[in-house]
Amino acid sequence: MSHLSASVFVRCSCGHLHWGRYGAAGLLLVDPARGVLLQRRAWWVHHGRTWALPGGAIEAGETAVTAAAREAFEEASVPAESFRAVSASVVDHGDWSYTTVLALAGSVEAKVANTESAEVRWVDPDDVPGYRLHRDFAAAWPALRDRVGQELVLVVDAANVVGSRPDGWWRDRHGAAERLRGQLARLAEAGVPDPDDPAITWWPRIILVVEGKAKNVTGVPGVEVVPADTDGDSKIVEVVAKHADARILVATADRELRRRVEALGASILGPGTLRSQLDEL
Ligand SMILES: [Zn+2]
């Protein structure tokens, strides 16, 4: 398979021709100050002269994220270091799929970088429907629009999650919280499925709330650690309230705490579900 070129059209069961033997991916780059980065396709490419995202065929062995990043660099001069992937959604046709990677941009000057691009432009999300859009991007936009600028924050009740499995954690609560932190750091890189929509993956900001004998656990890349001086539950409620503009998942089985954070708009991730995701890493 690895010798087959990715750059071919696929005749799909949906009745359309699509580009990319291994599917395709695009980058939806979001800058809160400038909008979203759109690219006008050159006249000679498939669906030429329409506006869409920088993107293209996934090469053999690439992930959708590395493919989207490579294409954004080749077409719009956007370096991979200049953005952070926040979520991805897959439109799966069976024979072919398209993955849109949503990312938050740092300071980056996008510009036309190859002949497949006629123009790149930052566009206010509200103005996107007014552009002459590529058919597939136009169809995907309403759902994507809802996630523009949105992040997932995963708040983890360390004591509750550690306590959900009788593995001897009570002999070393600090060590058990550190092990959980290490697993969460890997999860931050691997991503978590959206609890309501399995076609969406999030690369969450993870906040681990620790208390008692685990209070001195420190943060690592991918995992922010927040110590609770007295009451872990109140600290978690405080953290959730502080991130009101994000999509929030709280990992706890504590009923009273669930009630309090759900009242603030958070969703709940059961410790068992979280631990089975961690076990898969
Ligand atoms: Zn199709």
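In what follows, the structure referred to is the one given above.
Residues numbered from 1 in each chain as written. Predicted model: local features only at pLDDT ≥ 70, side-chain atom pairs only at ≥ 80, totals over all residues. Heavy atoms only, no water.

Caption draft 1: Structural context of the packing of helix 5 (residues 232-242) against helix 6 (residues 255-262). At a minimum axis distance of 10 Å, the contact between helix 5 and helix 6 shows a crossing angle of 20°. On the basis of the axis angle, helix 5 is roughly parallel to helix 6. The element helix 5 and its partner helix 6 pack so that their crossing is right-handed. Contacts between helix 5 and helix 6 involve Asp233, Ser234, Ile236, Val237 and Val240 on the former and, on the latter, Leu257, Arg260 and Val261. Residues belonging to the contact of helix 5 with helix 6 are distributed by class as follows: five nonpolar, one polar and two charged. (Axes fitted to C-alpha atoms, helices over the stretch in contact; angles between N-to-C directions. Helix = DSSP H or I, 4+ residues; strand = E, 2+ residues; numbered from the N terminus. Parallel < 35°, antiparallel > 145°, perpendicular 65-115°, else oblique. Left-handed = near helix turned anticlockwise from the far one by under 90°. Contact = heavy atoms within 4.5 Å. Nonpolar A, V, L, I, M, F, W, Y, C, P; charged D, E, K, R; others polar.)

Caption draft 2: Seen up close, the coordination of the zinc ion. Cys12 (SG), Cys14 (SG), His18 (NE2) and His93 (ND1) make up the full set of protein donors to the zinc ion, lying at 2.0 to 2.3 Å. Considering all four donor atoms around the zinc ion, the spread of angles at the metal, 97 to 124°, places the coordination shape in the tetrahedral class. Expressed as a motif, the donor residue spacing for the zinc ion is C-x1-C-x3-H-x74-H. Given a relative accessible area of 2%, His18 falls into the buried group. (Donors = N, O, S within 2.8 Å, 3.2 Å for Na, K, Ca; no water. Tetrahedral: all angles 85-135°; square planar, octahedral: opposite > 155°, others 65-115°. Buried < 20%, exposed > 50% of the residue type's maximum accessible area, 1.4 Å probe, protein only.)

Caption draft 3: Structural detail: the side chain of His134. Structurally, the position occupied by His134 is in the loop between strand 9 (117-123) and helix 2 (135-145). Of the residues examined, His134 reaches a relative accessible area of 10% and is grouped as buried. His134 has contacts with Arg41, His47, Thr50, Trp51 and Ala52, leaving out every residue within four places of it along the chain.

Caption draft 4: Quick peek at the sheet that holds strand 13 (residues 205-210). With parallel pairing, the five strands of this open sheet are ordered in space as 14-13-10-15-16. A single partner strand is all that each edge strand has here, and the edge strands are strand 14 (223-227) and strand 16 (267-269). The mean inter-strand angle of the sheet, taken between neighbouring strand axes irrespective of direction, is 25°. Pairing geometry for strand 13 and strand 14, over five bridges, is parallel. From the neighbouring strand, Ile207 faces strand 14, where its bridge partner is Glu224. (Pairing = 2+ DSSP bridges.)

Caption draft 5: A look at unusual backbone geometry. A positive phi angle, close to 60°, is found at Ser77, a residue other than glycine. Its place among the elements puts Ser77 in the loop between helix 1 (64-76) and strand 7 (83-92). On the basis of relative accessibility, which here comes to 17%, the residue Ser77 falls in the buried class.

Caption draft 6: Representation of the packing of aromatic side chains within the structure. Evaluated as defined, the whole model comprises five aromatic pairs. Ring plane angle 80° and centroid distance 5.1 Å describe the contact between Trp51 and Tyr131, whose orientation is recorded as edge-to-face. With Trp51 in strand 5 (residues 51-52) and Tyr131 in the loop between strand 9 and helix 2, the pair connects residues that are 80 residues apart, well separated along the chain. On the numbers, 6.1 Å between centres and 40° between planes, the contact of Trp96 with Tyr98 is tilted. (Phe/Tyr/Trp six-rings, centres within 6.5 Å; stacked < 30°, edge-to-face > 60°.)

Caption draft 7: Structural detail: the side chain of Arg247. One can find Arg247 in strand 15 (residues 247-251). Given a relative accessible area of 18%, Arg247 falls into the buried group. Within the structure, Arg247 has its side chain in polar contact with the side chain of Asp194 (distance 2.5 Å). (Polar contact = N/O pair within 3.5 Å; in protein donor to acceptor, adjacent residues only side chain to side chain.)

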